[in-house]
Amino acid sequence: LARCCGKYAEAVPPEDSPLHRKVADITAYIDVHYAEPLTLTRLSETFYISPYYLSRVFKEITGFSFVDYVNHVRMNEAKRLLRETDWKVLRIAEQVGFDSIAYFGRMFKEMVHLSPVQYRRMQREMSG
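Everything numeric here is computed off the predicted structure, so don't read it as measured data.

J.: Is there a simple way to explain the packing of aromatic side chains in this structure?
T.: Where two aromatic rings form a pair, the distance of their centres and the angle of their planes describe that pair. Applying the stated criterion across every chain, the model contains eight aromatic pairs. With a centroid separation of 5.6 Å and 85 degrees between ring planes, the pair formed by Tyr29 and Phe47 is classed as edge-to-face. Separated by 18 residues along the polypeptide, Tyr29 in helix H2 (residues 18-33) and Phe47 in the loop between helix H3 (40-46) and helix H4 (51-62) bring together distant segments of the chain. In terms of burial, Tyr29 and Phe47 fall into one category: buried. Taken together, a centroid distance of 5.8 Å and an interplanar angle of 70 degrees make the contact between Phe64 and Tyr69 edge-to-face.

J.: It is not clear to me how H2 should be interpreted in this structure. Could you clarify?
T.: Count 3.6 residues to each turn of an α-helix, and residues three or four apart come out pointing the same way. Along its 16 residues, H2 runs 22 Å from first to last C-alpha, staying within 8% of the 22 Å computed at 1.5 Å per residue. Taken together, the buried positions of H2 are occupied by Val23, Ile26, Thr27, Tyr29 and Ile30. The buried residues of H2 all sit within an arc of 155 degrees when viewed along its axis, so they share a single face. Exposed residues lying more than 90 degrees from the buried face of H2 are Pro18 and Val32. In the core, the buried residues of H2 are packed alongside H3, H4 and helix H5 (66-84).

J.: Would you take a moment to explain the packing of H2 against H5 for this structure?
T.: Two quantities define a packed helix pair, namely the angle between the helix axes and the distance between the axes. Put simply, H2 and H5 touch, their axes get as near as 9 Å, and they point 40 degrees apart. For the element pair H2 / H5, the angle class is oblique. Where H2 crosses over H5, the two elements pack in a sense that is right-handed. For the pair H2 and H5, contact is made by Thr27, Ile30 and Asp31 and by Phe66, Tyr69, Val70 and Val73, respectively.

J.: Looking at this model, I keep getting lost on the pattern of salt bridges. Mind explaining?
T.: Per the counting criterion, the structure on display carries five salt bridges. A salt bridge links Glu77 to Arg80; the nearest nitrogen and oxygen atoms lie 2.6 Å apart. With Glu77 and Arg80 both in helix H5 and three residues apart, the pair spans about one turn of that helix. In this structure, Arg80 and Glu84 form a salt bridge, with 2.7 Å as the shortest nitrogen-oxygen distance. One end of the pair, Arg80, and the other, Glu84, are both in helix H5, four residues apart, so they sit about a helical turn from each other. For Arg80, a relative accessible area of 30% corresponds to the partly exposed category. What you see here is one network of salt bridges that share partners, running through Glu77, Arg80 and Glu84.

Rules used in this analysis
Residues numbered from 1 in each chain as written. Predicted model: local features only at pLDDT ≥ 70, side-chain atom pairs only at ≥ 80, totals over all residues. Heavy atoms only, no water. Phe/Tyr/Trp six-rings, centres within 6.5 Å; stacked < 30°, edge-to-face > 60°. Helix = DSSP H or I, 4+ residues; strand = E, 2+ residues; numbered from the N terminus. Buried < 20%, exposed > 50% of the residue type's maximum accessible area, 1.4 Å probe, protein only. Expected span 1.5 Å × (residues − 1). Arc of directions from axis to C-beta. Contact = heavy atoms within 4.5 Å. Axes fitted to C-alpha atoms, helices over the stretch in contact; angles between N-to-C directions. Parallel < 35°, antiparallel > 145°, perpendicular 65-115°, else oblique. Left-handed = near helix turned anticlockwise from the far one by under 90°. Salt bridge = Lys/Arg side-chain N within 4 Å of Asp/Glu carboxyl O.

Written as structure tokens, this is what we have:
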């Protein structure tokens, strides 16, 4: 809040700092590789940053925990596939990176407040 008000202006704008660029690179990587198994350890090795530090700065900069961000990206793609394809829910879950259909269903319902089947039905009713 103080930064927004300009009371504590920084010499380098946050979005231009090397750390912000690194987190932007990491989110771009997740956006492309969301269907693969993604772990803090794997990303920390890929981007040469400790897992603990990555976890902390990722949350600080994005507002999401690493796991929440990955799940958010996966759910957005799952919603798109539910709207645009006739694929079975199991195939969609696998396509977006979930090994367990039960976990996918639980996460989908937690994030979207509908089951995948309910979401698909609602989208189809709305579009025609």
